[in-house]
Amino acid sequence: MPCQGEALTDAAWERIGPLLPKQGGRGRPWRDHRQVVNGVLWRLRTGAPWRDLPERYGPWQTVYERFARWEVDGIWATLPEYLLVRDDAVGRVDWTVSVDSTINRAHQHSASALKRRAADGGTLEDPGSSQTRQALGRSRGGLTTKIHLAIDGRGLPLSIVLTPGNINDATACGQVLDSIRIPRTVTGRPRTTPARLLGEKAYSSWAIRHLLRRRGIAATIPERRDQMANRRRRGDQGGRPPAFDKNIYRTRNVVERCFARLKQFRAITTRFDKLAERYRAGIVIGALILWLREPVG
């Protein structure tokens, strides 16, 4: 296991420690990276405000500033990518990919980000545009954010996309597929194409099936009842039903299990972050923990 309570184990730290920025020659020495990362994990696990961070992790300002800086610099994103690249190089990534989404409630604090002023004038940005940009959507229960994941056959995240909670799953499917990008350890283009895509009925649309055929991706998606009725009503002009293998479809539950594991982190289950980039960084760190739990081959 990569964590003991909220702390990384020695084995997990040996895998990601060398990937973190090194201390420069000038300025005040940095606080220990491992202590800071453990502080970030504590906050992610508990969902507590940053100001409530225990003293054993150092000043909360230091932990938050490094968390935010590494999100901007793309450091958090490089950590699971490094593990993914190594697994793909030895053939451990299962390219039977499942897609799905989950809606998480946004805390009232997450909707209080300052609206940016328009570049050409001094007027405030439209609140609706600001919420969309921060992946917040309004529904009966209030503001929500939807997490879209593409999961490999082992139940490990390959791509993460955030949208407002009122966005349809099928609308974001193309973006989820486009976000799959695994660099090669040697020369060559990154791998971006799964061998097969598994999705529930929400992904049963002509546009998605056409996209998958164009990219050479086999589809295992059940047909909706209204689509079946329309095809039968048209008779011979309705065409043949899409191929569907029930045995393969049963393996799609890996994406449900992945969401259940990620939601053990309370700061993912409920969104407290004002900015979508910060919230996504927390999900990336949660995905990193899942990758670290996989035994090294």
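Counting starts from 1 at the beginning of each chain's written sequence and moves along it residue by residue. Only residues with pLDDT of at least 70 get local features here, since the model is predicted, and only at 80 or more are side-chain atom pairs given and counted; chain-wide, interface and lining totals rely on the full set of residues. No hydrogens and no water enter the side-chain calculation; it runs on all heavy atoms of the structure.

**Structural notes on the nonpolar core**
Soluble globular proteins: nonpolar side chains tend toward being buried together. Let me state the cut-off plainly: For our purposes a nonpolar core is just a set of buried Ala, Val, Leu, Ile, Met, Phe, Trp, Tyr and Cys residues, chained together by side-chain atoms within 4.5 Å. Each residue is assigned to one of three classes by its accessible area relative to the maximum for its type, calculated with a 1.4 Å probe on protein chains only: buried under 20%, partly exposed between the two thresholds, exposed over 50%. Here a strand is any run of E in DSSP of at least two residues, a helix any run of H or I of at least four, and the numbering for each starts at the N terminus. Residue contacts follow a heavy-atom distance rule, with two residues in contact if any of their heavy atoms lie within 4.5 Å.
Grouped together as the largest cluster of nonpolar side chains are 70 residues, with contacts concentrated most on Leu8, Trp76, Ile147 and Leu158. It is helix H12 (residues 276–293) that provides the largest number of residues to this core, a total of 12 residues. When near neighbours in sequence (up to four residues on either side) are disregarded, Trp76 contacts Val37, Val40, Arg66, Phe67, Trp70, Glu71, Ala281, Val284 and Ile285.

**Notes on the environment of Pro29**
Positionally, Pro29 belongs in the loop between helix H1 (10–16) and helix H2 (33–46). Looking at Pro29, the relative accessible area reads 65%, which means it is exposed. Put simply, Pro29 and Val97 are 68 residues apart on the chain and 44 Å apart in space, counted from C-alpha to C-alpha.

**A look at the pairing of strand S3 (residues 96–105)**
Our working rule: Following DSSP output, two strands are said to pair if at least two bridges run between them.
Buried residues dominate S3, accounting for seven of its 10 residues. Where S3 and strand S7 (residues 196–198) come together, three bridges link them in parallel fashion. Among the inter-strand pairings, Ser98 is bridged to a residue of S7, identified as Leu198. Sheet analysis places S3 next to strand S5 (residues 142–151), joined by eight bridges and oriented antiparallel. Across the sheet, the residue bridging to Ser101 is His148, located in S5.

**As for the environment of Asn247**
Looking at the secondary structure, you find Asn247 in helix H9 (residues 246–249). Overall, the relative accessible area of 55% leaves Asn247 in the exposed class. It is 10.0 Å that separates the C-alpha atoms of Asn247 and Thr220, two residues lying 27 residues apart in sequence.

**Some points on the state of the cysteines**
Stated precisely, the cut-off is as follows: By definition, disulfides here are pairs of cysteine sulfur atoms that lie within 2.5 Å.
Scanning all chains against the criterion turns up zero disulfides. In this model Cys173 remains outside any disulfide bridge; the closest cysteine sulfur is found in Cys258, 17 Å from its own. Cys258 gets classed as buried once you look at its relative accessible area, which sits at 1%.

**Some details on the pairing of S5**
Burial within S5 is extensive, with 10 of its 10 residues counted as buried. Here three bridges tie strand S4 (residues 137–139) to S5, and the two strands are oriented antiparallel to one another. In the strand pairing of S5, Arg138 is matched with Leu143. Between the antiparallel neighbours S4 and S5 lie two residues. In the sheet, S5 pairs with strand S6 (residues 157–164) via seven bridges, with the strands oriented antiparallel. When the bridges of S6 are listed, Ile147 appears paired with Leu162. With antiparallel pairing between neighbouring strands as the criterion, S5 and S6 make up a hairpin whose turn holds five residues, including Gly155 at a positive phi of roughly 90 degrees.

**Observations concerning the packing of helix H6 (residues 169–178) against helix H7 (residues 206–214)**
In helix packing, the relevant descriptors are the interaxial angle and the interaxial distance, both defined with respect to the helix axes. Heads up, the condition is: In this description, a line fitted to the C-alpha atoms serves as the axis of each element, helices being fitted only across the stretch in contact, and the angle between N-to-C directions of two axes falls anywhere from 0 to 180 degrees. Put simply, angles under 35 degrees are roughly parallel, angles over 145 are roughly antiparallel, angles from 65 to 115 are roughly perpendicular, and the rest are oblique. Handedness of a crossing follows from how the near helix is turned relative to the far one, being left-handed for an anticlockwise turn of less than a right angle and right-handed for a clockwise one. Under this grouping Gly is polar, as are all residues other than the nonpolar Ala, Val, Leu, Ile, Met, Phe, Trp, Tyr, Cys and Pro and the charged Asp, Glu, Lys and Arg.
Close contact between H6 and H7 brings their axes to 9 Å; oriented N to C, the two are set at 20 degrees. Here H6 lies roughly parallel to H7, going by the angle between them. When you trace H6 past H7, the crossing you get is left-handed. Of H7, the residues touching H6 (which contributes Ala170, Cys173, Gly174 and Leu177) are Ile208, Leu211 and Leu212. In the contact of H6 with H7, the residues fall into six nonpolar, one polar and no charged.

**Quick look at helix H10 (residues 253–262)**
Convention followed: The arc refers to the directions leading from the helix axis to the C-beta atoms.
For H10, every residue scored as buried is listed here: Val254, Val255, Cys258, Phe259 and Leu262. When H10 is viewed along its axis, its buried side chains cluster within an angular range of 140 degrees and face the same direction. On its buried face, H10 is in contact with S3, S5, S6, helix H11 (266–269) and H12.

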